[in-house]
Structure formats: C-alpha cells, structure tokens
Amino acid sequence: MTRIPTLMMVFAYLSLLTFGGGMAAYPELETLTVDVYHWLTQPELIHLYSVGQTAPGPNMMMVTAIGERVAGALGALAVLVAFLGPTAVITLVIGRLWRRLEGWPWRDAIQRGLEPVSVGLVIGGCISLARGALTGWVAIAIAIAVFAVVLRTRINPTLLVLGAAVVGLIASVR
Amino acid sequence: MTEPSGVTPRPSPVSVGEIFRVFLLLGATSFGGGVVAYLRNSLVGRHRWLDDTSFVELLSISQTLPGLNATNMAVLVGDRLRGTGGAIAAICGICLPGALVMFVVGLLYGQHGGRPVVSAMLHGVAAAAVGLVSAVSLQIGRRSLGRLADVGFVALSILGVHALHLPVPAVLVGVGALAIWWHRPRIP
C-alpha cells in the first residue's frame, strides 16, 4: 500500500517522456522499475512489455501489469491513472489552444524540431529492449524474421508473436 | 447553426455513451502500431465523425505532444465531439480492454511466470516484440529519416541515450532545443 504514491509518481513522470510513443520512455522505465526500485527483474519487465505489445488497444497497457505485480488491483489502477492522466490533461488543453497558435511561427518549429528527437528516443528504446531480449541466435533470428514480415506484409502481428512463442518453446526443448 | 470546424454536421450530436462504445470497440479490436489505421477507418470511414483533413490535423497534434498516439487521439476526438466528457469517455473506452487484459496477464505471470515452459515461450515473444517495435518505429520514423539535418538529430538522440547514457529528459530538452532552433522561424 505504501508503494502506491511512489508508483504513481514514477509512472506520471514516465508518461511525460512518451514523445513519439511509449517506446521513448522504455530506457527510463527499465532504470526506475528494475534498477532504482527493484519492483521487478529485467527479464520480468521484458516479458510483460513484450506480451503488452500483443494486447489490444494502446501499446503501453502493460503498465497495469507492473502495478498489479507491485501492489495488486489498486496498484494497477493507480499506475494506469498516473500514466494516462497527466498527458491527457496536456493534450486536452493544448488541443484546444492549437488553432489559436496557428499564426505563431514557433508552433511549426517546435513540431518539426520535436519530430526527429522523438524518432531518436523511440529507436533508443528499441535498442534498450533489444539488448535485454536478444540473448541468443534463435532470438535474433526471430526478431529479424518478424521485422521483415511486419514491414512487407499486412499480417496480424499477434499471429507472428504466437508463432514466436512456439519457436521459443521448441528451441528450449532441443 | 455553426458547427466547430472539422466535425461533420450530423442530425443529432454524438452522445458520451456512443463515444465510449465506439472507442471501447476500437480498444478491443485494434493492435499495437496499427492503431492509427483502425482509428481512421472507424472515425473517418464508418462513423463520419471527422473528415480526413481534421483527422490528419489531430494526428499531428497527437504526435507532437507527450502521450501515446492512441490515447492522445482519443482525447482530441472526444473533446471535439462532446467536450471534456467526450474526451474522458474516449480515453477510458480505448484503454479499458487492453488494461484489463494486461491486469490478468500480471496476475497469471505472478503465478506461472517462473515455469520453464512459460519462460521459454516468453523468450520467443520478447524476440518477436523487438522485431515488431523496430518495424513500427521505422515506419513512423521514415519521414524524419529522409532529411539530412533530421537524421543528425535522430542520431544525436540515440547517442545521448546509449553512448553518453544521459537520462531521457536531458536528451529531450537538449537535442529538442537544438532541433527547434534549427527549424526556427526565418524572417523572409
């Protein structure tokens, strides 16, 4: 129970870093939940994060799984509110101001400037995840195969992930 | 009657309950990086709540601000349709299914995550997730990767996080300020 205020502060902070998508916050997510607060181990985080990519809806709903692991149902709810609330308020306010900012020359500059930075942060997040998840040649082969198939076809990625689970299982038996 | 621009005139205004239902369905049926395509099909195509120009405008706001693209879009569209109540209904609807699924995953993981079979499968899932998020990131980043100066800012951000081990906010502020200054308004 005493962990709930800390959980909320951590996830409210993380939400403010999600420029370009949840992936941008991944390096800080790992640092805070694994190294600083020891809420879970790095493999546990990677497992939950990866399963979260196959869940329906926005791709960061895995934060509720961390909240659940740390402080049960209340923890899950607290984390979700903390992770969604701050950015929702910012978006609501700036969304209403947006039209009025039309004549302001810096609006375009901010938008164009933040774009490459958020792309870089998202790629940085992918690198962090890859460092933890690609522990052997089977994993590397799966990642390359999924990467290529997602870029070249319109197949539902969830099917690919299920396939990868089977490959992981077979590889462990051999 | 003057409609706020961007909202296609409809015989009756969209109710908060209707917004919640549509976004709940989106939250239950859309997946990962493709969520924008689902939003467009539903909001512009099926329900005609937005025209394509407004959709693109709201999407560009979503991508500039912190927050997930899908939840930012939900807030912006909900607000345009029915004010703050609409925004709350939309974000709750789109998040609820995935949040419930991941809550159950958290519970199950606590009970069975240590089993070798589960671990082996999740090892495969994690590898697939790396491929998936990399592909989606590349698709999103393609535009920035086409301009030389922006490639520089992308590279600087990656170096900041991984070579210099700077915290993400430091990179965001430092490289962000540099990139905004580079794109600053020029006096003609």
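Below or above, wherever it landed, is the structure these notes cover. These figures come from a predicted structure and were not determined experimentally.

Definitions and limits used
Residues numbered from 1 in each chain as written. Chains lettered and ligands numbered in written order. Predicted model: local features only at pLDDT ≥ 70, side-chain atom pairs only at ≥ 80, totals over all residues. Heavy atoms only, no water. Contact = heavy atoms within 4.5 Å. Buried area = accessible area lost by both parts, 1.4 Å probe. Salt bridge = Lys/Arg side-chain N within 4 Å of Asp/Glu carboxyl O. Polar contact = N/O pair within 3.5 Å; in protein donor to acceptor, adjacent residues only side chain to side chain. Helix = DSSP H or I, 4+ residues; strand = E, 2+ residues; numbered from the N terminus. Axes fitted to C-alpha atoms, helices over the stretch in contact; angles between N-to-C directions. Parallel < 35°, antiparallel > 145°, perpendicular 65-115°, else oblique. Left-handed = near helix turned anticlockwise from the far one by under 90°. Expected span 1.5 Å × (residues − 1). Buried < 20%, exposed > 50% of the residue type's maximum accessible area, 1.4 Å probe, protein only. Arc of directions from axis to C-beta. Patch = residues over 30% accessible without salt bridge, like charges linked within 9 Å, V, L, I, M, F, W, Y side chains within 5 Å. Areas by Shrake-Rupley, 256 points an atom, 1.4 Å probe, with all protein chains shown as cover.

Attention shifts here to the interface of chain A and chain B. Listed per partner, the contact involves 92 residues of chain A and 84 residues of chain B. Summed over both partners, the interface of chain A with chain B comes to about 7,800 Å²; 74% of that surface belongs to carbon and sulfur atoms. Residue E115 of chain A pairs with R147 of chain B through a salt bridge whose shortest N-O separation is 3.7 Å. Linking chain A with chain B are 17 residue pairs in polar contact (both at pLDDT 80 or more). The set of elements that each furnish at least two residues to the side of chain A that touches chain B consists of α1 (3-15), α2 (26-36), α3 (42-52), α4 (63-97), α5 (105-133), α6 (137-152) and α7 (157-173) of chain A. Of all the elements, α5 of chain A adds the most residues to the side of chain A that touches chain B, at 24 residues.

What follows deals with the packing of α5 of chain A against helix α6 (residues 148-162) of chain B. Where α5 of chain A contacts α6 of chain B, the axes come no closer than 8 Å and their chain directions differ by 40°. One finds that α5 of chain A runs oblique with respect to α6 of chain B. Handedness of the crossing formed by α5 of chain A with α6 of chain B: right-handed. On the side of α5 of chain A, the interface is formed by P116, V117, V119, G120, L121, I123, G124, I127, S128 and R131 of chain A, while α6 of chain B contributes D150, F153, V154, S157, I158, V161 and H162 of chain B.

A few words on α7 of chain A. Between the first and last C-alpha of α7 of chain A there are 25 Å, a value that for 17 residues agrees with the 24 Å anticipated at 1.5 Å per step. The set of residues buried in α7 of chain A consists of T158, L160, V161, A164, A165 and G168 of chain A. Buried residues of α7 of chain A fall within an arc of 150° about the axis and therefore sit on the same side. Of the exposed residues in α7 of chain A, those oriented more than 90 degrees away from the buried face are L159, L162 and V173 of chain A. On the buried face of α7 of chain A, the contacting elements are α6 of chain A together with α5 (116-141) of chain B. The residue sitting at the N-terminus of α7 of chain A and contributing the capping side-chain oxygen is N156 of chain A; that oxygen lies 3.0 Å from the backbone nitrogen of T158 of chain A.

Before going further, it helps to spend a moment on a nonpolar patch on the surface. Nonpolar side chains collect at one region of the surface, where M8, L74, L77 and V81 of chain A lie side by side and expose about 350 Å² of accessible area between them. When residues in the nonpolar patch are grouped by element, the largest group, 3 residues, is from α4 of chain A.

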